Amino acid sequence: FIQIRRGGVKTIIKKLRSFFYLLLQLPIYLISIPLIIILRLIKPWYLIRWEELISGRIGHFSLNTELYCCERDARINSPSQKHLDLFYMKKYVCNKQLEKMWRRSLIILPAWLLRPLSRVNHFFCLFISSFREHEIGYPNIDRDVHNLMDKLPAHISFTNKEELKGKEILKKFGLTKNEKFVCLIVRDSSYLNRYIRDEYMDERWQYHNYRDVDIDKYILAAEELARRGYYVFRMGVIVEKPLKSSNPKVIDYANSDMRSDFMDIYLSANCFFCITTGSGLDGVSAVFRKPKANVSLVPLASAPMDYKENLVLTKHHINKRNQKELTISEIFSANVGLAFHAEKYELNDVELKENTPEEIKDIVIEMDERLRGGWKETKEDLLLQKRFWEIF
C-alpha cells in the first residue's frame, strides 16, 4: 500500500512538472509555427533537419549515432541537396563523456528549442506528408545493415588531454605503457532497476531478464586471459554482485572508486577486445571498431554479425517438455529466434541456460588466438560454419 501511494505521489509530481514545463514552453511552440512555415519555404534551396538522440541508453546513444554518421558519409538516407542536421537530447543522459564527444562531432542544440519545433512539424505531417523531409530519420536500430563500420573510421575520438588522462588512470590500475586489456561486460538487471526506473518512473523492466547472466561464470575465462598476459576490467555502473578473483590482473572496475563516465568510454574504446553478453556498453567498443566475443547471447537472430571479427555464442535453448536442446531450425520453429521478451520463451516452453565457464573460456581463447593470428581452422570448423549459414 505504501509503495502504491509513493508511486502515485511520484506520478502526480511528474505530471505537474510536465504541465508547468509545457506552460513555460508555450511561447516557443507559438513561435515554432511560423518558423516551420519559413523553413518549408526555403527548403528548395536549403534543408534544415532535426532529430532526437537516444541519449538515455548507452548502446543506442553510441551505436545508433555512429551508424547515422556512417550513413551520412556514405550518402545513404541523405538528401542530395544542401542541408543542415541538428540534434537534441532528453534531460537524462546516460554518459556525460560520450555526450561531450558527440557534441564535438554533431550540432546538438537545447531540447527546449528543438523539441517544440519537432512536435509542431509532426502536427503538420498529419496533413502534409512532405514535412517529414525535415526529420533526419536517425537509425532506430543498432544494426549496421550496410556493413559500413568495416569500411569507415570512428566518428568520435579523444583529445590529447583526454588520452593523457586515460593513460594516467591506467597506471593507477597497474598497467604499464604497452600492456593490453580486455573489457568484460556482463549484464544483470541492476542498472535498469535503479537508473531507468527512477528516471521514467517505470518498474516494468522484468521482460529483459532473459538476457541476465551470472558474473561467477566468467571468472575462469578472466583468469585465463590474465594468465595470457592481459588485464581484465569488469565493466558496469551498477552491478548485482562483485567479481570474485584474487588475480591482481582481474579488476572489478565496476566496484572501483576510480570508475567514472570518462573511464567507461576510455576503457571500452581502447580494449584489445571485449567479452559481452549483449549489454549497451559494448556499443561503445563497436563504435571504436573493437572486436566482440558475444557470450550467452539471445535472441539468436539479433546476433551482431555485422563486424567480421566478432564471435557469437548463444545461450542454450532447452525444450522444457523433453529437456532436449533445440537446434538452430528448432529455435526458429519454436518462435523464439527473435524473441525480445522473457514471456515469449515461457509461452513457447523454452528454457534458456547460460554458457558454462568452460564454454566461455573456450570462446575467449579462440578470440585471443584469432586476433593474434594463431588460430587454425579445421575442416570440421569450416563445414560447421557453412552449415550454420545455410540454415540461418
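Before reading further, recall that the structure is shown in the block above.
Residues numbered from 1 in each chain as written. Predicted model: local features only at pLDDT ≥ 70, side-chain atom pairs only at ≥ 80, totals over all residues. Heavy atoms only, no water.

## What to know about the pairing of strand β3 (residues 181–185)
Phase 1 of the analysis: The element β3 is largely enclosed, with a buried count of five among its five residues.
Phase 2 of the analysis: With burial as the criterion, each face of β3 is covered, one bearing Phe181, Cys183 and Ile185 and the other bearing Val182 and Leu184.
Phase 3 of the analysis: Here four bridges tie β3 to strand β4 (residues 231–234), and the two strands are oriented parallel to one another. By the bridge assignment for β4, Cys183 is matched with Phe233.
Phase 4 of the analysis: Sheet analysis places β3 next to strand β6 (residues 273–276), joined by four bridges and oriented parallel. Bridge assignment links Val182 to a residue of β6, and that residue is Phe273. (Buried < 20%, exposed > 50% of the residue type's maximum accessible area, 1.4 Å probe, protein only. Helix = DSSP H or I, 4+ residues; strand = E, 2+ residues; numbered from the N terminus. Pairing = 2+ DSSP bridges.)

## Section: the environment of Leu41
Phase 1 of the analysis: Within the secondary structure, Leu41 sits in helix α1 (residues 2–42).
Phase 2 of the analysis: Considered as a pair, Leu41 and Ile12 are 29 residues apart in the sequence and their alpha carbons are 42 Å apart.

## A short note on the environment of Gly229
Phase 1 of the analysis: You can see Gly229 is positioned in the loop between α7 (219–227) and β4.
Phase 2 of the analysis: Taking the relative accessible area as the measure of exposure, Gly229 reaches 32% and is therefore partly exposed.
Phase 3 of the analysis: In sequence terms Gly229 and Trp112 are 117 residues apart; their C-alpha atoms lie 50 Å from each other.
Phase 4 of the analysis: Apart from residues no more than four positions distant in its own chain, Gly229 is found in contact with Lys180 and Lys249. (Contact = heavy atoms within 4.5 Å.)

## Thoughts on helix α8 (residues 261–270)
For an α-helix, the turn length of 3.6 residues means that residues three or four places apart are oriented alike.
Phase 1 of the analysis: Where burial is concerned, most of α8 is hidden: eight out of the ten residues are buried.
Phase 2 of the analysis: In this structure, the buried residues of α8 make contact with α2 (58–73), α3 (96–105), α5 (160–172), β3, β4 and α9 (282–287).

## Concerning the pattern of salt bridges
Phase 1 of the analysis: Under the counting rule described, the total for this entry stands at 29 salt bridges.
Phase 2 of the analysis: The closest approach of N and O atoms between Glu52 and Lys90, which form a salt bridge, is 2.5 Å. With Glu52 in strand β1 (residues 47–52) and Lys90 in the loop between β2 (83–88) and α3, the pair connects residues that are 38 residues apart, well separated along the chain.
Phase 3 of the analysis: Here Glu52 falls in the buried class, since its relative accessible area comes to 19%.
Phase 4 of the analysis: Of the charged contacts in the structure, one is a salt bridge between Arg104 and Glu162, with a shortest N-O distance of 2.9 Å. With Arg104 in helix α3 and Glu162 in helix α5, the pair connects residues that are 58 residues apart, well separated along the chain.
Phase 5 of the analysis: Residue class for Arg104 comes out partly exposed when judged on its relative accessible area of 40%.
Phase 6 of the analysis: Linked through salt bridges whose partners overlap, the residues forming this network are Glu224, Arg227, Arg228, Asp368, Glu369 and Arg372. (Salt bridge = Lys/Arg side-chain N within 4 Å of Asp/Glu carboxyl O.)

## Remarks on the nonpolar core
Phase 1 of the analysis: With 49 residues, the main nonpolar core has Phe181, Phe233 and Leu267 as its most contacted residues.
Phase 2 of the analysis: Looking at this core, the elements that each hand over two or more residues are α2, α3, α5, β3, β4, α8 and α9.
Phase 3 of the analysis: Tallying contributions element by element places α2 first for this core, with seven residues.
Phase 4 of the analysis: Apart from the residues lying within four places of it in its own chain, the contact partners of Phe181 are Leu170, Leu175, Tyr230, Tyr231, Phe233, Leu267, Asn270, Cys271, Phe272 and Phe273. (Core = buried A, V, L, I, M, F, W, Y, C linked by side-chain atoms within 4.5 Å.)

## With respect to unusual backbone geometry
Phase 1 of the analysis: Along the chain, Val298 connects to Pro299 via a cis peptide bond; the corresponding omega equals -5 degrees.
Phase 2 of the analysis: With respect to the secondary-structure elements, Pro299 resides in the loop between β7 (292–297) and β8 (311–314).
Phase 3 of the analysis: Of note in this structure, Arg289 is not a glycine but carries a positive phi near 60 degrees.
Phase 4 of the analysis: Summarising the element assignment, Arg289 is placed in the loop between α9 and β7.
Phase 5 of the analysis: Unusually for a residue other than glycine, Gln323 sits at a positive phi of about 60 degrees.
Phase 6 of the analysis: With respect to the element layout, Gln323 can be found in the loop between β9 (316–319) and α10 (328–333).
Phase 7 of the analysis: What makes Gln323 partly exposed here is its relative accessible area of 46%.

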